[in-house]
Amino acid sequence: MSGLSLPVEVLLNEARNIAREAGDAILDVYETRFATMEKDDRSPLTEADLAAHRIISARLRELTPELPLLSEEGRDVPFDERRHWPSYWLIDPLDGTREFVKRNGEFTVNIALIQHHDPLLGVVWSPVLGTLYSGAHGVGAFRETSAASRAPIQVQPPAPGHRPRVVGSRSHGNDRLLAALEKLGPHQLVPMGSSLKLCLVAEGAADLYPRLGPTSEWDTAAAHAVVSAAGGRVVDLTGAELRYNTRESLLNPEFLVCAEDPQAWLSRLGLDRPAA
């Protein structure tokens, strides 16, 4: 039993609708000369983040008043309080704010439902690209666009002899990643912003996504749910699945997203580490 007041399928569909509504509010700002501020960690914040946060928070509280909510724009919940949450919503109202500011369209609305430290369901909506990814444990993973109906997706192991397709960040590359990719050998680099990087693996458009740099739990949770529902893996550098709300820090460890056999990929990249 999930212990939730509504079936997972209902929650997933409502989360899709809420993400789209938040996306409309984001586009209202995106089409104007918006102001940009700095958060405490010096990352950018816009009027769009705050508008989307208000919409998502209000709608989720109406939908599931029994569930707490943790958002990038409402993150100040002490660990002593949230450690007791068996289930909660984890959202990033606008993931990829740097891409938003650059106006390249590669930003998303992320809504995830976490249960017992694992992502139960997730929705990733790209309002400019018009693409929505969604997935839930026991339900499956899906991709839909403005031009096509909802279709199931699943990860695709790389074909033998083909160059691995590696998805990477447009805004957060580093020397360690370049060194790891050199060890991997010939490969095709697929640049992408925001949580869409994980979704490319989920739909079989990329083989792996190594993230060697800081991310927060709200950056990955929704897309992690999609990857898992599509049959893929999101693991730390020891090969253990990423988990959520297990410690005071909300920063993720470095991680790898792939279709299968993460230890083999970690070894090829020179990133494999023993478990602590």
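Computed from a predicted structure; not experimentally measured.

What counts and what doesn't
As a convention, each chain's residues are numbered from 1 in the sequence order in which they are written. Whole-chain, interface and lining totals are the exception, using all residues; otherwise, since this is a predicted model, local features are given only for residues with pLDDT of at least 70 and side-chain atom pairs are given and counted only at 80 or more. For the side-chain quantities, the full set of heavy atoms in the structure was used; hydrogens and water were omitted. Annotation comment: domain bounds sourced from an automatic or database domain assignment. We call two residues in contact when some of their heavy atoms are within 4.5 Å. In this description, buried area is defined as the sum, over both parts, of the accessible area (probe of 1.4 Å) that is lost when the two are combined. The rule for a salt bridge is simple: a side-chain nitrogen of Lys or Arg has to be within 4 Å of a carboxyl oxygen of Asp or Glu. Polar contact is the term for a pair of N or O atoms within 3.5 Å; when the atoms are in protein, one must be able to donate a hydrogen and the other to accept it, and sequence-neighboring residues count only if both atoms are side-chain atoms. Helix and strand definitions here come from DSSP, where helices need a minimum of 4 consecutive H or I residues and strands a minimum of 2 consecutive E residues; each element is numbered from the N-terminal end. Convention adopted: a line fitted to C-alpha atoms gives each axis, helices being fitted over their contacting stretch, and angles between N-to-C directions are expressed from 0 to 180 degrees. An angle counts as roughly parallel when it lies under 35 degrees, as roughly antiparallel when it exceeds 145, as roughly perpendicular when it falls between 65 and 115, and as oblique in every other case. Three classes are used: nonpolar for Ala, Val, Leu, Ile, Met, Phe, Trp, Tyr, Cys and Pro, charged for Asp, Glu, Lys and Arg, and polar for all others, with Gly counted as polar. Only buried residues count toward a nonpolar core. Its members are Ala, Val, Leu, Ile, Met, Phe, Trp, Tyr and Cys residues joined through side-chain atoms within 4.5 Å. Exposed residues in this analysis have more than 50% of their type's maximum accessible area, buried residues have under 20%, and partly exposed residues fall in between, with area computed by a 1.4 Å probe over protein chains only. For this text, the term disulfide refers to a pair of cysteine sulfurs within 2.5 Å.

Draft legend 1. Expanded view of the domain arrangement of the chain. Split into domains, the chain comes out as domain 1 (8-152) and domain 2 (165-269). The distance between the C-alpha centroids of domain 1 and domain 2 comes to 19 Å. If you look at the interface, domain 1 gives 41 residues, while domain 2 gives 30 residues. Approximately 2,800 Å² of surface area, both sides summed, lies buried where domain 1 meets domain 2, with 61% of it carried by carbon and sulfur atoms. For the domain 1 face of the interface with domain 2, the top three residues by lost area are Glu106, His117 and Tyr133, together amounting to 23%. The interface formed by domain 1 and domain 2 holds two salt bridges in total. Measuring nitrogen to oxygen at the nearest pair gives 3.0 Å for the salt bridge that ties Arg143 to Glu203. Between domain 1 and domain 2 we count 14 residue pairs in polar contact (both at pLDDT 80 or more) in total. Of all elements in the fold, only α3 (79-82), β4 (87-95), α4 (97-102), β5 (108-115), β6 (118-126), β7 (131-136) and β8 (140-145) reach the threshold of two or more residues within the side of domain 1 that touches domain 2. Broken down by element, the side of domain 1 that touches domain 2 gets its largest block of residues, seven residues, from β6.

Draft legend 2. Expanded view of the packing of helix α5 (residues 175-184) against helix α8 (residues 262-269). Two elements in contact, α5 and α8, have axes separated by 7 Å at closest approach and are oriented at 105 degrees. As summarised for this structure, α5 and α8 are arranged roughly perpendicular, according to the angle between their axes. Here α5 contributes Ala180, Leu181, Lys183 and Leu184 to the contact with α8, which in turn contributes Trp265, Arg268 and Leu269. Across the contact of α5 with α8, the residue classes break down as five nonpolar, no polar and two charged.

Draft legend 3. Molecular detail of the nonpolar core. Counting 37 residues, the largest nonpolar core has Leu90, Tyr133, Val167 and Val257 as the members making the most contacts within it. Domain assignment of the residues forming this core places at least three in each of domain 1 (8-152) and domain 2 (165-269). Grouped together as the second largest cluster of nonpolar side chains are 33 residues, Ala19, Trp89, Leu120 and Ala136 included.

Draft legend 4. Summary view of the state of the cysteines. Here the structure, examined in full by the defined rule, presents zero disulfides. No disulfide involves Cys199; its sulfur sits 15 Å from the nearest other cysteine sulfur, which is in Cys258. Overall, Cys199 belongs to the buried group, its relative accessible area being 0%. Judged by its relative accessible area of 0%, Cys258 falls in the buried class.

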